[in-house]
Amino acid sequence: MEEAIAVRPTCAHVDLGALEANFRAIHRYLDERASATRVAPPSVIAVVKANAYGHGARRVALALQDAGARVLACADIEEGVALREAGVEVPILVFGALSVSDLDGLFSHALTPTLSTPAAAKAVEAAAVRHRRRVKCQLKIDTGMHRLGFRHDNLARTIPSILSSPHLAIEAVYTHFATADDVDDAFLDVQRARFEAALVDLQALGLSAAARHAANSAALLRDERTWYEFVRPGLLLYGIAPPGLDDRLALQPVMTLRSRVVAVKGIRTGDGVGYGLRFVASSPREIGVVPAGYADGLDTRLANRSAVLVKGRRAPVVGSVCMDMLMVDVTGLGVSPGDEVVIIGTQGAEAIDVRDMASAVGTIPYELLCRVGARIERVYDQETPTAGTDR
Ligand SMILES: *Cc1c(COP(=O)(O)O)cnc(C)c1O
């Protein structure tokens with residue numbers, strides 16, 4: 001038998017049961033809303049880019065596939081190849097621009113490219129000729145975010161050469177919203193109207209029967225008119241609803257970031273803690289040392305600003321976050337070395353929500369999840385999925 005490999009005290013527990021429950025909750029939401037308005041519910045493109053938002057793309061992708069996901073999406077060809085090598089068999093959509101990539105992976109690993117620039121379309125056509133294959137592609141329309149995609153109001157100039165490329169088969173057309181998570185911002189409607197107009201133009205240019213999609217997590221919850229044939233949730237799968245939209249469906253956070261106290265010491269009034277002595281005790285305190293720092297992806301701005309959970313209570317982060325450690329105030333909690341620390345997640349009745357942590361340091365939950373470092377091992381808890389629909 002193989003010897004067990006030691007797991008560092010700081011590790012990310014990934015609850016695949018919660019992932020699956022979230023996947024089902026999204027479907028339930030779509031089904032219920034769709035049946036209320038008597039339209040067909042959209043299919044889900046499950047977004048697993050960026051190592052599945054830090055949760056570990058391989059295990060997450062396989063769990064989603066097992067849960068019934070029919071399409072996955074990733075950022076680039078390299079991520080898509082890794083998903084195929086992990087055993088993903090469903091279609092994989094690659095979101096990113098492709099013009100400077102090695103395109104052979106599209107063919108060797110059956111990935112679906114996004115055509116978002118004329119150069120990418122030419123390069124994919126040329127690669128398809130080389131591989132003697134007709135390749136299914138998706139077309140990205142820029143409706144106002146000005147990142148990737150063909151300008152919505154210029155399609156008559158850009159699209160005909162794609163439609164006449166014999167090796168490109170456009171199976172879907174999509175766009176991406178710039179302001180979906182700002183619930184009061186009306187630009188989503190502007191983009192949606194531009195997308196609809198672009199679809200009419202595309203039809204006039206001869207592109208018919210292509211599927212359509214636009215909605216990320218926030219748009220999906222905000223406005224059913226963004227649904228079309230597919231929706232593309234990422235964040236929701238990982239159990240986090242965009243702030244302001246979190247009353248629409250019940251989700252379970254998938255990741256718990258845990259560690260253990262490795263040392264406890266008493267300090268006196270006036271003693272400083274850590275680099276720069278950025279915390280100075282105004283009374284005698286007990287300080288717990290936690291072996292997790294910015295090399296593990298923790299944000300240095302957590303210094304003196306956030307808290308961790310120990311013994312079911314909040315212990316404030318004191319002083320700066322070091323490369324491999326951070327210090328927390330555990331005064332009066334009766335903490336000893338070995339006690340569990342929760343950096344993100346729940347312990348007893350207390351919770352550190354990644355959204356609160358993000359707003360405390362002035363960023364978004366996406367960033368904090370994606371930054372959970374490569375040094376941190378992902379430990380997968382497969383819990384019994386909650387009973388749900390048949391998907
Ligand atoms: C990342 C991404 C998504 C998913 O976004 P969430 O806000 O996590 O739901 C959807 N579509 C595109 C094009 C993306 O890049």
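Residues numbered from 1 in each chain as written. Predicted model: local features only at pLDDT ≥ 70, side-chain atom pairs only at ≥ 80, totals over all residues. Heavy atoms only, no water.

Draft legend 1. Spotlight on the overall build of the chain. Counting secondary structure elements, the chain contains twelve helices and 21 strands. Computed over C-alpha atoms, the radius of gyration of the chain comes to 24 Å, within 12% of the 21 Å expected from 2.2 N^0.38 for 391 residues, which places it in the range of a compact globule. If you line up the chain on its principal axes, its C-alpha atoms span 75 × 50 × 45 Å. Counting all 391 residues of the chain, 52% fall into the buried class. Expressed as a percentage of contacts within the chain between residues at least 6 apart in sequence, the contacts between residues at least 24 apart total 67%. Surface summary for the chain: the accessible area is close to 17500 Å², and the carbon and sulfur share equals 50%. Averaging the coordinates of the 43 positive side-chain charges in the chain and doing the same for the 46 negative ones gives two points 3 Å apart. (Helix = DSSP H or I, 4+ residues; strand = E, 2+ residues; numbered from the N terminus. Rg over C-alpha atoms; globule rule 2.2 N^0.38 Å. Buried < 20%, exposed > 50% of the residue type's maximum accessible area, 1.4 Å probe, protein only. Contact = heavy atoms within 4.5 Å. Areas by Shrake-Rupley, 256 points an atom, 1.4 Å probe, with all protein chains shown as cover. Lys, Arg positive; Asp, Glu negative; His and termini not counted. Charge placed at Lys NZ, Arg CZ, Asp CG, Glu CD.)

Draft legend 2. Broad picture of the packing of helix H3 (residues 57-67) against helix H4 (residues 77-86). For the pair H3 and H4, the least separation of the axes is 9 Å and the interaxial angle reads 60°. When the axes of H3 and H4 are compared, the crossing they make is right-handed. On H4, the residues that touch Ala57, Arg58, Ala61 and Leu62 of H3 are Ala82, Leu83 and Ala86. When the residues that make up the contact of H3 with H4 are grouped by side-chain class, the tally is six nonpolar, no polar and one charged. (Axes fitted to C-alpha atoms, helices over the stretch in contact; angles between N-to-C directions. Left-handed = near helix turned anticlockwise from the far one by under 90°. Nonpolar A, V, L, I, M, F, W, Y, C, P; charged D, E, K, R; others polar.)

Draft legend 3. Main features of H4. All buried positions along H4 are accounted for by Ile77, Gly80, Val81, Leu83, Arg84 and Ala86. Considering only its buried residues, H4 is in contact with H3, strand E3 (71-74), strand E4 (92-94) and helix H5 (104-108). Two residues or fewer past H4, glycine 87 is found with a positive phi of approximately 110°.

Draft legend 4. Fine view of the site of the ligand. The immediate surroundings of the ligand are formed by 13 residues, with Lys49, Tyr53, Ser217, Leu235 and Tyr366 found nearest. Contact distances for the ligand include 2.8 Å between a nitrogen atom and a side-chain N or O atom of arginine 232. In the model, an oxygen atom of the ligand is placed 2.8 Å from a nitrogen or oxygen of the glycine 234 main chain. Coverage of the ligand by the protein chains reaches 94% of its 390 Å² of free accessible surface. Its residues assigned to classes, the shell around the ligand shows six nonpolar, four polar and three charged. (Near = heavy atom within 4 Å. Polar contact = N/O pair within 3.5 Å; in protein donor to acceptor, adjacent residues only side chain to side chain.)

Draft legend 5. Expanded view of the nonpolar core. Residues Leu64, Leu115, Leu139 and Leu220 are the most contacted members of the largest nonpolar core, which totals 121 residues. Counting residues per element, this core draws most heavily on helix H1 (residues 16-36), which supplies nine residues. When residues of this core are assigned to domains, at least three fall in each of domain 1 (42-237) and domain 2 (255-381). Sequence-distant contacts of leucine 220, that is, excluding residues within four places in its chain, are made with Ile26, Tyr29, Leu30, Ala215, Thr226, Trp227, Val231, Pro233 and Leu236. Listed in part, the nine residues of the second largest apolar core include Val273, Ile287, Val289 and Cys322. (Core = buried A, V, L, I, M, F, W, Y, C linked by side-chain atoms within 4.5 Å. Domains from an automatic or database assignment.)

Draft legend 6. Focus on empty space enclosed by the protein. Scanning the model with the defined rule gives three cavities of 30 Å³ or more in all. Approximately 60 Å³ is the volume found for the largest cavity. If you trace the largest cavity, you find it lined by Leu257, Asp296, Gly297, Leu298, Asp299, Leu302, Ile344, Met357, Leu368 and Val372. Of the residues in the lining of the largest cavity, the class split is seven nonpolar, one polar and two charged. Roughly 50 Å³ of volume is contained in the second largest cavity. Lining of the second largest cavity is provided by Lys140, Ile141, Asp142, Thr143, Met145, Arg147, Leu148, Thr175 and His176. For the lining of the second largest cavity, the class distribution of residues is three nonpolar, three polar and three charged. (1 Å grid on protein atoms, 1.4 Å probe; cavity = no way out; pocket = protein on both sides within 12 Å on 5 of 7 lines; lining within 4 Å. Points joined across faces, edges and corners; volume = space filled by probe spheres on them.)

Draft legend 7. Up close: the environment of histidine 13. Mapped onto the elements, histidine 13 comes out in strand E1 (residues 11-15). Its relative accessible area of 14% is what places histidine 13 among the buried residues. Put simply, histidine 13 and aspartate 247 are 234 residues apart on the chain and 25 Å apart in space, counted from C-alpha to C-alpha. Within the structure, histidine 13 has its side chain in polar contact with the side chain of arginine 258 (distance 3.1 Å).

Draft legend 8. Representation of unusual backbone geometry. Notably, asparagine 51 is not glycine yet its phi reads approximately 55°, a positive angle. Its location among the elements puts asparagine 51 in helix H2 (residues 49-53). In the Ramachandran plot, alanine 209 falls in the positive-phi region, its phi being about 65° despite a non-glycine side chain. The residue alanine 209 is located in the loop between helix H9 (187-204) and strand E9 (211-213) in this model. What makes alanine 209 exposed here is its relative accessible area of 83%.

Draft legend 9. Structural context of the packing of aromatic side chains. This structure, assessed with the given rule, holds five aromatic pairs. Each ring, one from tyrosine 53 and one from tyrosine 366, has its centre 6.0 Å from the other, and the planes form 40°; the classification is tilted. Residue tyrosine 53 is located in helix H2, and its partner tyrosine 366 is located in helix H12 (residues 365-370); the two are separated by 313 residues in the primary sequence. When its relative accessible area of 5% is taken as the criterion, tyrosine 53 is described as buried. (Phe/Tyr/Trp six-rings, centres within 6.5 Å; stacked < 30°, edge-to-face > 60°.)

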